[in-house]
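As a plain string of letters, each chain reads:
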Amino acid sequence: MPVDVDEPAAPGDPARSGVRDECGVFAVFAPGEDVAKLCYYGLYALQHRGQESAGIAVSDGRNILVTKEMGLVNQVFDEARLASLEGHIGVAHVRYSTTGSSTWDNAQPAFKVTPSGSGLALAHNGNLVNTTDLARRLGPEGEKCATDSALMATLLARDADVAPMDTPRTDTPLTDTPLADAMVSTCTQLQGAFSLVAMDETTVVAARDTHGVRPLVIGRLPRGGYVIASETAALDIVGAHLLRDVDPGEVVIIDERGLRSRRFADATPHGCLFEYVYVARPDHRTAETTVYAARRRMGMALAGEAPIDADLVIPVPDSGTAGASGYAEAAGIPYAEGLTKNRYVGRTFIQPTQSLRELGIRLKLNPLRDVIEGQRLVVVDDSIVRGNTSRQLVAMLRDAGAAQVHLRITAPPITDPCFYGIDMATRAELIGSDLSVEQICDFVGADTLAYLSLDALVATTKRPKSQLCRACFDGEYPIPVPGEQLTGGKDVLLRMRA
Ligand code: SF4
């Protein structure tokens with residue numbers, strides 16, 4: 001469902017940049033394999049997590065080559081370009097971003113050269129909440145960083161250069177490569193959500209924040225070698241089998257000695273609940289469930305909580321599809337595809353401006369009149385953010401002859417913004433932040449509207465409530481967010497724009 005973007009960054013000010021990436025990361029260590037192609041296919045499976053830019057960095061053990069461009073994975077890379085990327089180590093990234101930060105400079109992997117001449121490439125999914133502090137600590141170099149990913153790469157390059165002698169330390173013994181030690185040191189300085197992959201000429205490292213907000217998994221390739229990815233679908237596409245998650249608070253190091261693990265802090269897990277609702281692909285697997293099965297359970301629970309007398313259940317494709325099939329089965333109402341989706345139009349979620357977003361909605365969905373005409377519809381969707389899309393959708397269905405439109409949402413109302421990497425909207429823009437369900441129903445023009453309860457949603461994930469971030473639904477932020485971010489800049493910018 002549509003989630004809008006915020007205003008552009010003030011250049012050089014990461015704290016106010018509004019850069020809130022929801023991205024996909026991928027890394028490979030696989031001597032003897034065509035690593036560039038593995039990265040390409042991995043990014044292909046993660047394309048839904050970012051469609052504005054794509055990049056791959058590879059190393060042959062001596063040099064790092066980075067290629068990144070604005071555009072989709074298959075627009076950025078062709079056979080010739082991939083053939084030029086020779087090496088046995090790679091990190092790769094797909095990105096979506098906010099207006100103004102959507103530039104080649106901010107595309108990833110970010111690349112740095114340490115003062116001693118070693119290269120370093122980094123790809124990040126998440127969002128830091130202490131960028132102001134980090135930038136200050138880095139001095140003039142930090143001031144130049146336009147994104148939190150650039151800040152992290154700068155920190156890592158600095159720490160890799162001085163490791164193992166005089167960096168801030170945990171009590172972990174320093175017995176590893178400079179990059180591994182630097183990653184441990186860097187992670188202790190970061191606050192917020194980060195699932196990171198990075199490499200120098202010889203080593204791949206991966207790390208996940210202590211809350212494990214964004215997913216990050218490890219896979220093993222059939223002929224040896226390892227893959228790290230944001231979602232399991234990216235392991236499947238390259239034939240890797242899932243070993244496990246990167247644990248919250250863990251740094252994983254992969255080089256010619258194999259895979260080893262270090263900790264930079266104890267885990268306090270708070271995985272993102274919205275990944276289950278919307279962000280992740282349905283075929284993503286967690287330790288407890290697939291996202292598809294969780295979404296089916298959401299629909300079934302919603303049928304129990306909000307039943308209605310109707311003729312047909314239709315999904316808003318694609319993230320509403322599994323929920324709609326679950327609702328239909330539990331309610332005993334026939335299921336049908338009542339909306340055709342143009343699969344070549346990107347998710348409305350990532351459109352960079354309001355005008356494009358609205359155009360995207362009209363381009364993306366088309367009602368099937370012969371399916372819905374005269375029918376009392378249950379329409380299952382994953383979320384309502386501002387309400388504009390749902391309003392257009394209901395009007396479109398009525399124009400196509402629907403007798404009734406009963407909207408069912410497989411999550412609670414979104415009441416609070418996300419500061420951990422999902423670019424939703426400001427609190428003032430979120431329709432769920434100050435309107436009641438009845439008022440929202442009036443606004444979108446549905447006959448009835450019902451949301452899934454938070455407890456029922458949590459239950460579908462098979463994880464304890466205490467191990468999930470649910471802040472956009474209940475305002476309880478597991479990672480403290482600085483006051484100025486909670487109350488300040490974005491709403492001010494919104495008022496200025498209005
Ligand atoms: S605030 Fe919402 S979208 Fe952001 S990490 Fe938490 S659950 Fe996910």
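First, a word on what this report is: a plain description of the structure on this page. Since the model is a prediction, treat every value here as computed from it, not as a measurement.

Let's talk about the overall build of the protein chain
So, step 1. Check the secondary structure of the protein chain and you find 20 helices and 21 strands.
So, step 2. Looking at the protein chain as a whole, 61% of its 498 residues are labelled buried.
So, step 3. Look at the contacts in the protein chain between residues 6 or more apart in sequence, and 71% of them connect residues 24 or more apart.
So, step 4. About 18100 Å² of surface is accessible on the protein chain, with carbon and sulfur atoms providing 53% of the total.

Section: the pattern of salt bridges
So, step 1. Applying the stated rule across the entire model yields 29 salt bridges.
So, step 2. One salt bridge connects Arg 223 with Glu 33, and the closest N-O pair in it is separated by 3.2 Å. Here Arg 223 is found in the loop between β9 (217–220) and β10 (226–229), whereas its partner Glu 33 is found in the loop between β1 (24–29) and α1 (35–45), with 190 residues between them in sequence.
So, step 3. Between Arg 262 and Asp 176 there is a salt bridge whose closest N-O contact spans 3.8 Å. Note that Arg 262 is positioned in strand β13 (residues 258–263) and Asp 176 in the loop between α6 (148–162) and α7 (178–187), a separation of 86 residues in sequence. Considered together, Arg 262 and Asp 176 belong to a single accessibility category, that of buried residues.

Thoughts on unusual backbone geometry
So, step 1. Residue Pro 109 follows Gln 108 across a cis peptide bond; omega there is 10°.
So, step 2. Cis rather than trans, the peptide bond between Pro 317 and Asp 318 has omega equal to 0°.
So, step 3. Mapped onto the elements of the fold, Asp 318 is located in the loop between β15 (312–315) and α11 (321–331).
So, step 4. Unusually for a residue other than glycine, Lys 462 sits at a positive phi of about 65°.
So, step 5. In this fold, Lys 462 is placed in the loop between α17 (454–461) and β21 (468–469).

Considerations on the site of the ligand
So, step 1. Inspection of the region around the ligand gives Val 213, Arg 214, Cys 272, Leu 273, Phe 274, Cys 418, Tyr 420, Ile 422, Met 424, Cys 469, Ala 471 and Cys 472 as its neighbouring residues.
So, step 2. Breaking the shell around the ligand down by element, the ones donating at least two residues are α9 (273–279) and α18 (471–474).
So, step 3. Here the residues of the shell around the ligand sort into eleven nonpolar, no polar and one charged.

What about the side chain of Thr 154?
So, step 1. One can find Thr 154 in helix α6.
So, step 2. On the basis of relative accessibility, which here comes to 2%, the residue Thr 154 falls in the buried class.
So, step 3. One polar contact links the side chain of Thr 154 to the main-chain carbonyl oxygen of Ala 150, over a distance of 2.7 Å.

Regarding the sheet that holds strand β2 (residues 53–59)
So, step 1. Ordered in space as β3-β2-β4-β1-β10-β9-β11, the seven strands form an open sheet in which the pairing is antiparallel. Bordering the open sheet on either side are β3 (64–70) and β11 (241–245), each of which pairs with just one other strand. Adjacent strand axes in the sheet meet at a mean angle of 15° when their direction is disregarded.
So, step 2. Across four bridges, the pairing between β1 and β10 is antiparallel. When the bridges of β10 are listed, Phe 26 appears paired with Ala 229.

Side note on helix α4 (residues 131–138)
So, step 1. Taken together, the buried positions of α4 are Thr 131, Leu 134, Ala 135 and Leu 138. Down the axis, α4 shows its buried residues gathered within 100° of arc, on one side only.
So, step 2. Just downstream of α4 lies Gly 139, where phi reads positive at about 70°.

Cut-offs used in this document
- Residues numbered from 1 in each chain as written.
- Predicted model: local features only at pLDDT ≥ 70, side-chain atom pairs only at ≥ 80, totals over all residues.
- Heavy atoms only, no water.
- Helix = DSSP H or I, 4+ residues; strand = E, 2+ residues; numbered from the N terminus.
- Buried < 20%, exposed > 50% of the residue type's maximum accessible area, 1.4 Å probe, protein only.
- Contact = heavy atoms within 4.5 Å.
- Areas by Shrake-Rupley, 256 points an atom, 1.4 Å probe, with all protein chains shown as cover.
- Salt bridge = Lys/Arg side-chain N within 4 Å of Asp/Glu carboxyl O.
- Near = heavy atom within 4 Å.
- Nonpolar A, V, L, I, M, F, W, Y, C, P; charged D, E, K, R; others polar.
- Polar contact = N/O pair within 3.5 Å; in protein donor to acceptor, adjacent residues only side chain to side chain.
- Pairing = 2+ DSSP bridges.
- Axes fitted to C-alpha atoms, helices over the stretch in contact; angles between N-to-C directions.
- Arc of directions from axis to C-beta.

No statement about biological role is implied by the geometric values presented.
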